[in-house]
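Descriptive structure summary
So the chains spell out like this:
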Amino acid sequence: MNSMNDTGVVAGPASGQTSHTHRLRRLAGTGLIAALAAMVATTLAAALAQAVGVDFEVPDGGETIPLSGFAVVTGFFSVVGIVIAAALLRWSAHPAKRFGWTAVSLTAISLVPPLLAGANTATTTALLGLHLVPATVMIPTLARSLRTRTD
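Not measured: the values here are computed from a predicted model.

Here we take up the overall build of the protein chain. What the protein chain contains, in helices and strands, is five helices and four strands. Starting at the N terminus and walking to the C terminus, you meet the elements of the protein chain as β-β-α-β-β-α-α-α-α. A total of 151 residues make up the protein chain; the buried ones form 30% of that total. Restricting the contact set of the protein chain to residue pairs at least 6 apart, pairs at least 24 apart contribute 69%. When the accessible area of the protein chain is evaluated, it comes to approximately 9,300 Å², of which 68% is carbon and sulfur surface.

In C-alpha cells form, the structure reads like this:
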C-alpha cells in the first residue's frame with residue numbers, strides 16, 4: 001500500500017529494482033529464444049553445406065565436425081552472449097552500445113580459428129559463414145533487448 005510521507009512524495013516499491021528485474025527477465029527469455037533460433041539456423045546451414053559437398057574435416061586428427069557439434073557450440077556461445085548482455089544491462093550506462101561493440105569484436109575474433117585450422121577452402125569458407133549465421137541472429141536481438149531511451 002502506498003502512503004504519503006513528509007515531502008508529499010508517494011512511497012511505494014522501489015520501481016527501479018522492479019524495472020531492472022523485469023528487463024533482465026525479458027532479456028533472458030528473448031535471448032534463450034534467439035539462441036534456439038541461432039542453433040537451428042546454424043545447424044540447417046551446416047546441413048546445407050554438407051549437402052553441397054563440404055566435408056567439415058579438420059586436419060588435426062582428421063575428425064569431421066558433426067552437425068550436432070554446430071548446435072552445441074552455437075548454443076554455448078549464445079548463452080555466453082546472453083550473460084555478457086545481462087552483465088552490461090546491470091553495470092553499463094549504455095548497455096546496447098557496449099554490447100554491440102563487444103559482440104562484433106568477439107565475432108571478428110571468432111573468425112580467426114577457421115583460417116588457422118588448415119582445412120580445405122570449402123570447409124574454411126563454410127566455417128567462416130557459419131560463425132556469421134548465429135551472430136546475425138543473436139547480436140541484433142540482444143542489442144534490441146538492451147536498448148533504452150538514452151541509447
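That covers the picture; the talk isn't over yet.
On the surface, a cluster of nonpolar side chains totalling about 390 Å² of accessible area is made up of Val73, Phe76, Phe77 and Val80. Structurally, Val80 is set in helix H2 (residues 67-91). Using a relative accessible area of 31% as the deciding quantity, one classes Val80 as partly exposed.

With that settled, consider helix H5 (residues 121-146). Given 3.6 residues per helical turn, the α-helix brings residues three or four places apart onto the same face. Taking 1.5 Å of rise per residue, 26 residues should cover 38 Å, and H5 covers 38 Å from first to last C-alpha, within 8% of that figure. By the N-cap criterion, in which a side-chain oxygen at the helix start approaches the backbone nitrogen of a residue two or three places on, H5 is capped by Asn120, the distance to Ala122 being 3.2 Å.

On inspection of all chains with the given rule, the structure shows two aromatic pairs. With a centroid separation of 4.9 Å and 65° between ring planes, the pair formed by Phe56 and Phe70 is classed as edge-to-face. In this pair, Phe56 is assigned in the loop between helix H1 (15-51) and strand E3 (57-58) and Phe70 in helix H2, connecting sequence segments 14 residues apart. For Phe56, a relative accessible area of 0% puts it in the buried group. Relative to Phe77, the ring of Phe76 lies with its centre 4.9 Å away and its plane at 85°, an arrangement referred to as edge-to-face. Neither Phe76 nor Phe77 differs from the other in exposure class; each is exposed.

Rules used in this analysis
Residues numbered from 1 in each chain as written. Predicted model: local features only at pLDDT ≥ 70, side-chain atom pairs only at ≥ 80, totals over all residues. Heavy atoms only, no water. Helix = DSSP H or I, 4+ residues; strand = E, 2+ residues; numbered from the N terminus. Buried < 20%, exposed > 50% of the residue type's maximum accessible area, 1.4 Å probe, protein only. Contact = heavy atoms within 4.5 Å. Areas by Shrake-Rupley, 256 points an atom, 1.4 Å probe, with all protein chains shown as cover. Patch = residues over 30% accessible without salt bridge, like charges linked within 9 Å, V, L, I, M, F, W, Y side chains within 5 Å. Salt bridge = Lys/Arg side-chain N within 4 Å of Asp/Glu carboxyl O. Expected span 1.5 Å × (residues − 1). Polar contact = N/O pair within 3.5 Å; in protein donor to acceptor, adjacent residues only side chain to side chain. Phe/Tyr/Trp six-rings, centres within 6.5 Å; stacked < 30°, edge-to-face > 60°.

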